[in-house]
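Structural characterization, general
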Number of protein chains: 2
Amino acid sequence: MDNRPIPYKIYLEENEMPKQWYNVRADMKKKPSPLLNPGTLKPMTEEELSQVFCQELVKQELDEETPYFDIPEEIAGFYRMYRPSPLVRAYCLEKKLDTPAHIYYKFEGNNTSGSHKLNSAIAQAYYAKKEGLKGVTTETGAGQWGTALSMACAYFDLDCQVYMVKCSYEQKPFRREVMRTYGAKVTPSPSMDTEIGRKINAEFPGTTGSLGCAISEAVEAALTQEGYRYVLGSVLAQVLLHQSVIGLETKTALDKYGIKPDMIIGCAGGGSNLGGLISPFAGEMLRGEAKYQLIAVEPASCPSLTRGVYAYDFCDTGKVCPLQKMYTLGSNFIPSASHAGGLRYHGMSAIVSELYDQGLMEARSVEQTAVFEAAQTFARIEGILPAPESSHAIRVAIDEALKCKETGEHKTIVFGLTGTGYFDMYAYQSYNDGAMGDYIPSDEEITRSLKNLPQV
Amino acid sequence: MDNRPIPYKIYLEENEMPKQWYNVRADMKKKPSPLLNPGTLKPMTEEELSQVFCQELVKQELDEETPYFDIPEEIAGFYRMYRPSPLVRAYCLEKKLDTPAHIYYKFEGNNTSGSHKLNSAIAQAYYAKKEGLKGVTTETGAGQWGTALSMACAYFDLDCQVYMVKCSYEQKPFRREVMRTYGAKVTPSPSMDTEIGRKINAEFPGTTGSLGCAISEAVEAALTQEGYRYVLGSVLAQVLLHQSVIGLETKTALDKYGIKPDMIIGCAGGGSNLGGLISPFAGEMLRGEAKYQLIAVEPASCPSLTRGVYAYDFCDTGKVCPLQKMYTLGSNFIPSASHAGGLRYHGMSAIVSELYDQGLMEARSVEQTAVFEAAQTFARIEGILPAPESSHAIRVAIDEALKCKETGEHKTIVFGLTGTGYFDMYAYQSYNDGAMGDYIPSDEEITRSLKNLPQV
């Protein structure tokens with residue numbers, strides 16, 4: 001243990017960086033329910049999953065018993081270029097809030113993809129390369145995942161085909177150009193390159209696309225090209241495994257200075273960042289070694305944990321992917337046009353859902369304008385312009401710190417700052433102009449959407 | 001000295017961070033020539049300068065003898081939020097180039113302003129606040145300096161008025177919104193708020209503005225509002241003093257691992273990054289303690305060091321600022337529309353000019369398409385998407401590493417990576433589309449521009 005005063009930023013030494021990823025399922029007595037084949041309603045087999053995903057990744061996806069997976073040296077080498085990410089003590093924010101709480105944030109935005117997505121993108125690209133594939137296909141909405149994957153593929157000299165929701169392709173030209181700079185082929189979806197794309201274009205001329213449609217095109221592109229597989233940036237167990245590097249680094253940094261957190265807060269869309277951040281802490285709780293308050297923060301406009309049900313549902317609107325048991329609002333649920341694109345998902349990672357259902361975690365929903373108010377406060381005092389997604393965690397961290405001010409408690413709050421908002425300035429403009437609103441779906445809306453759950 | 005293997009990123013501990021800035025003029029036997037009053041052609045006095053600049057900054061500007069200035073604790077506290085910046089060993093780039101050279105880069109882009117400009121912005125805002133001022137005014141072109149100053153002013157709760165060249169204001173809405181998020185008032189220049197702005201608007205209806213005009217408006221705004229001063233992000237000696245933090249950290253990091261660089265490379269616009277990076281090394285050379293190859297890299301489209309003359313000239317096109325002896329292409333020189341906006345300045349810092357004139361430094365000019373080729377290579381292999389300005393240094397670093405490959409020399413190359421290119425995606429788009437060209441001014445063009453030098 002290091003007895004020096006706690007610096008503003010705790011950086012691990014290279015030799016302190018995690019050498020293995022942690023699979024929290026190994027410590028769960030009750031495991032998440034298996035993925036089901038949407039046709040047979042039977043658990044997906046290794047063989048079935050291997051038609052879409054790389055083999056090594058399928059193994060990681062299905063393995064519920066192995067607690068640690070070695071991080072291959074090729075991936076560790078790439079991690080060393082942008083990791084360890086700093087665990088920052090928010091001294092300035094604490095002072096501004098005049099709170100007795102200690103606030104820390106794990107900042108994942110100091111890389112060109114601008115978010116934590118790179119942690120899994122580089123792993124998925126590596127296994128694809130190792131398997132001798134020519135390339136990978138994926139979809140992207142806001143563009144963070146597509147950017148991360150483009151960077152990873154450039155590094156391993158792998159072809160990268162990104163189906164980008166057409167309205168984002170047109171409204172976010174900068175994201176598109178970053179991907180192109182890294183050599184990716186970016187196609188607006190729906191395109192005329194795939195059968196499903198042509199079908200949708202014929203049916204809905206002039207459509208600006210959807211994430212569900214882009215997923216369907218990317219999966220089709222993987223299945224119809226020799227040497228290609230499909231990759232996904234969130235929700236899956238393999239992604240949470242790779243993202244455990246966030247939580248492992250956080251825990252090592254805290255332990256190094258003898259800091260015991262009271263609560264750990266993360267924003268939740270598909271659950272990849274949150275799952276990665278909390279998993280070593282949840283592991284300790286599952287093993288009965290420690291107790292933490294783990295908090296998932298979701299947008300009030302898309303409240304899968306706080307207002308959804310725990311049931312088997314489709315992962316995509318096109319209903320071609322396996323069924324997953326998760327907290328869901330129904331695959332037909334269409335979230336309002338929130339600016340936190342990365343959190344607009346109707347469901348939630350199966351692992352996060354199961355941890356929540358077991359009572360290891362709590363969840364809160366927050367409204368958009370309150371989130372941007374927190375984002376602006378944070379930017380002005382801590383310097384970093386946060387992504388709208390990350391700012392959901394900031395909102396709750398500030399609220400908790402202000403509660404401590406009232407009660408006089410010296411709680412230690414850790415939250416995940418998943419990324420930067422440099423490509424989200426339209427959202428900030430809307431807030432700066434006072435033109436941003438809030439939207440909370442009605443009970444009827446959610447009930448209606450949940451009527452379409454598959455019968456399992 | 002640390003005997004461990006050299007990590008990918010060398011981070012200093014907080015207690016190893018510089019506690020003082022270094023003033024290279026103190027070690028120069030022949031000093032840079034003084035600023036002259038454009039009316040009297042006599043050296044500017046402390047009193048004259050204090051009408052425009054903060055007093056403490058005027059002292060720093062005029063002091064040629066004091067080698068070290070203490071960094072006030074308030075500034076050091078802000079530095080600790082985003083500094084030390086990493087000195088990165090470019091292992092992956094070395095491998096890709098198959099060079100025996102060792103390449104390091106000092107990366108200044110890991111903060112929301114996206115560049116090194118914040119190092120001086122926070123110092124200038126601090127002194128303004130300490131002097132009891134209400135606010136500061138400045139101009140910005142591409143927007144890096146304006147963003148940095150907005151962040152600094154938000155931190156010290158100081159009013160910030162930015163005159164942004166109108167075409168940039170319209171073409172770079174994201175930069176504008178970042179500044180507004182930090183609470184700055186951003187006005188497109190020429191505006192109707194100032195006398196000079198109204199005059200220019202009347203004379204040239206529909207003009208999209210220029211940096212020279214924006215400077216004039218910002219200076220007028222500072223002079224006509226009680227409690228305001230004007231601040232500038234480059235060229236001045238005070239700015240190079242603050243930016244010495246880059247070079248000091250670099251030197252400490254190198255010394256920590258016993259690394260002796262052979263060459264140090266930086267891009268040069270007004271000279272703030274280059275001057276800051278090289279100053280401790282130039283200091284050693286001036287004191288006869290060491291020898292390095294120092295290289296300034298400028299765009300072929302705006303070659304002040306390589307094709308300009310060393311003479312007194314106006315610092316601004318409006319000719320309201322003091323005269324400075326520097327390498328210049330003439331204040332009427334209009335650089336072609338290069339994408340490296342931060343390097344489109346007709347002159348050069350007086351300190352850098354004098355060091356160059358004394359033969360302590362060499363200079364090279366590089367063409368835009370070659371720069372973007374280097375930028376793309378770097379991005380794909382080292383992960384970071386560099387700013388067009390910074391990529392000038394990358395180009396020469398790669399060229400030197402490739403020379404080492406031919407000769408078999410194991411040179412140690414250090415270059416300054418001043419910032420990221422996230423707000424420069426139109427430039428990358430132009431390169432990605434194969435639509436980017438090169439432009440080199442003719443001898444006649446430069447000779448014509450130099451005819452208007454003031455008679456001193």
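Residues numbered from 1 in each chain as written. Chains lettered and ligands numbered in written order. Predicted model: local features only at pLDDT ≥ 70, side-chain atom pairs only at ≥ 80, totals over all residues. Heavy atoms only, no water.

**Comments concerning the interface of chain A and chain B**
- Chain A puts 44 residues into the contact, and the matching count from chain B is 44 residues.
- A buried area of about 4,300 Å², summed over both sides, lies between chain A and chain B, and 56% of it is on carbon and sulfur atoms.
- Together, Phe174, Thr181 and Tyr422 of chain A form the three largest contributors to the area buried by chain A at its contact with chain B, with a combined 16%.
- The interface formed by chain A and chain B contains 2 salt bridges. (Contact = heavy atoms within 4.5 Å. Buried area = accessible area lost by both parts, 1.4 Å probe. Salt bridge = Lys/Arg side-chain N within 4 Å of Asp/Glu carboxyl O.)

**Structural notes on the relation of the copies chain A and chain B**
- With an axial shift of 0.0 Å and an RMSD of 0.0 Å, the rotation relating chain A to chain B amounts to 180°. Both copies of the chain, as the preceding transformation shows, are related through a two-fold rotation axis. When C-alpha distances to the rotation axis are compared across chain A, the minimum falls at asparagine 110 of chain A, with a value of 3.0 Å.
- Here 100% of the interface residues in chain A have copies in chain B that are interface residues too; the copies meet face to matching face. (Least-squares fit on C-alpha atoms with pLDDT ≥ 70 in both.)

**Description of the environment of serine 304 of chain A**
Residues and elements named next belong to chain A.
- Examined against the element boundaries, serine 304 turns out to sit in helix α13 (residues 304-307).
- Exposure remark for serine 304: the relative accessible area of 2% places this residue in the buried category.
- C-alpha of serine 304 to C-alpha of leucine 329: the two residues are 25 residues apart in sequence and 5.4 Å apart in space.
- When residues no more than four places from it in sequence are discounted, the contact partners of serine 304 are Glu298, Tyr327, Thr328, Leu329, His346, Gly347 and Met348. (Helix = DSSP H or I, 4+ residues; strand = E, 2+ residues; numbered from the N terminus. Buried < 20%, exposed > 50% of the residue type's maximum accessible area, 1.4 Å probe, protein only.)

**Some points on unusual backbone geometry**
- Residues arginine 83 of chain B and proline 84 of chain B are joined by a peptide bond in cis, for which omega reads -5°.
- With respect to the element layout, proline 84 of chain B can be found in the loop between α3 (73-82) and β4 (87-89).
- A positive phi is found at leucine 41 of chain A, a non-glycine position, where the angle reads about 60°.
- Note that leucine 41 of chain A resides in the loop between β2 (20-22) and α1 (46-50).

**Considerations on the sheet that holds strand β15 (residues 412-417) of chain B**
Residue and element names in this part refer to chain B.
- The sheet built from 7 strands is open, its strands ordered β1-β4-β5-β15-β10-β11-β14 with mixed pairing. Each of the sheet's edge strands pairs with one partner strand only, and the pair in question is β1 (9-10) and β14 (361-366).
- Strand direction decides the pairing type here: strand β5 (residues 102-107) and β15, joined by 6 bridges, are parallel. Directly across from phenylalanine 107, in β15, lies its bridge partner leucine 417. (Pairing = 2+ DSSP bridges.)

**Overview of the environment of alanine 337 of chain B**
- Within the secondary structure layout, alanine 337 of chain B lies in the loop between β13 (323-328) and α14 (350-357).
- Remark: the alpha-carbon pair of alanine 337 of chain B and phenylalanine 174 of chain B, spanning 163 residues in sequence, is separated by 20 Å.

**Topic: the nonpolar core**
- Residues Trp21, Ile265 and Phe415 of chain A together with Trp21, Ile265 and Phe415 of chain B are the most contacted members of the largest nonpolar core, which totals 248 residues.
- Apart from residues no more than four positions distant in its own chain, isoleucine 265 of chain B is found in contact with Leu277, Ile295, Val297, Ala393, Val396, Ala397, Ile413, Val414, Phe415 and Gly416 of chain B.
- Formed by 23 residues, the second largest nonpolar core is a distinct cluster that contains Ala214, Val219, Tyr230 and Cys321 of chain A. (Core = buried A, V, L, I, M, F, W, Y, C linked by side-chain atoms within 4.5 Å.)

**A word on the sheet that holds strand β14 (residues 361-366) of chain A**
All names here are of chain A.
- Taken in spatial order, the 7 strands make up an open sheet running β1-β4-β5-β15-β10-β11-β14, and their pairing is mixed. Sheet topology places β1 (9-10) and β14 at the edges, where each strand pairs with a single neighbour.
- In this structure, strand β4 (residues 87-89) lies alongside strand β5 (residues 102-107), joined through 3 bridges in antiparallel fashion. Looking at β5, one finds that valine 88 is bridged to tyrosine 105.

**Quick look at the pairing of strand β12 (residues 309-314) of chain A**
All names here are of chain A.
- Here β12 lies mainly inside the structure; 5 of its 6 residues are buried.
- As paired strands, β12 and strand β13 (residues 323-328) are joined by 6 bridges and run antiparallel to one another. Residue pairing in the sheet places tyrosine 310 in a bridge with tyrosine 327 of β13.

**A look at the packing of aromatic side chains**
- Inspection of the entire model under this criterion finds 41 aromatic pairs over all chains.
- Both rings, one in tyrosine 126 of chain A and one in phenylalanine 156 of chain A, keep their centres 5.8 Å apart while their planes meet at 50°; by these two values the pair is tilted. Residue tyrosine 126 of chain A is found in helix α5 (residues 118-130), and its partner phenylalanine 156 of chain A is found in helix α6 (residues 144-156); the two are separated by 30 residues along the sequence. There is no split in this pair, since tyrosine 126 of chain A and phenylalanine 156 of chain A are both buried.
- With centroids separated by 4.8 Å and ring planes inclined at 10°, the aromatic side chains of tyrosine 310 of chain B and tyrosine 327 of chain B adopt a geometry described as stacked. Here tyrosine 327 of chain B lies in strand β13 and tyrosine 310 of chain B lies in strand β12 (residues 309-314), a separation of 17 residues in the sequence. Across the pair, exposure class does not vary: tyrosine 310 of chain B and tyrosine 327 of chain B are buried alike.
- One residue, arginine 176 of chain A, lies across the ring of tyrosine 169 of chain A, its end atom 4.9 Å from the ring centre. (Phe/Tyr/Trp six-rings, centres within 6.5 Å; stacked < 30°, edge-to-face > 60°. Lys NZ or Arg CZ within 6 Å of the ring centre and 35° of its normal.)

**Description of the pattern of salt bridges**
Residues and elements named next belong to chain A.
- Throughout the structure, instances matching the rule amount to 48 salt bridges over all chains.
- Note that arginine 83 is salt-bridged to glutamate 108, the shortest N-O span being 2.7 Å. Residue arginine 83 is located in the loop between α3 (73-82) and β4, and its partner glutamate 108 is located in the loop between β5 and α5; the two are separated by 25 residues in the primary sequence.
- Using a relative accessible area of 4% as the deciding quantity, one classes glutamate 108 as buried.
- The structure contains a network of salt bridges with shared partners spanning Arg83, Lys106, Glu108 and Glu249.

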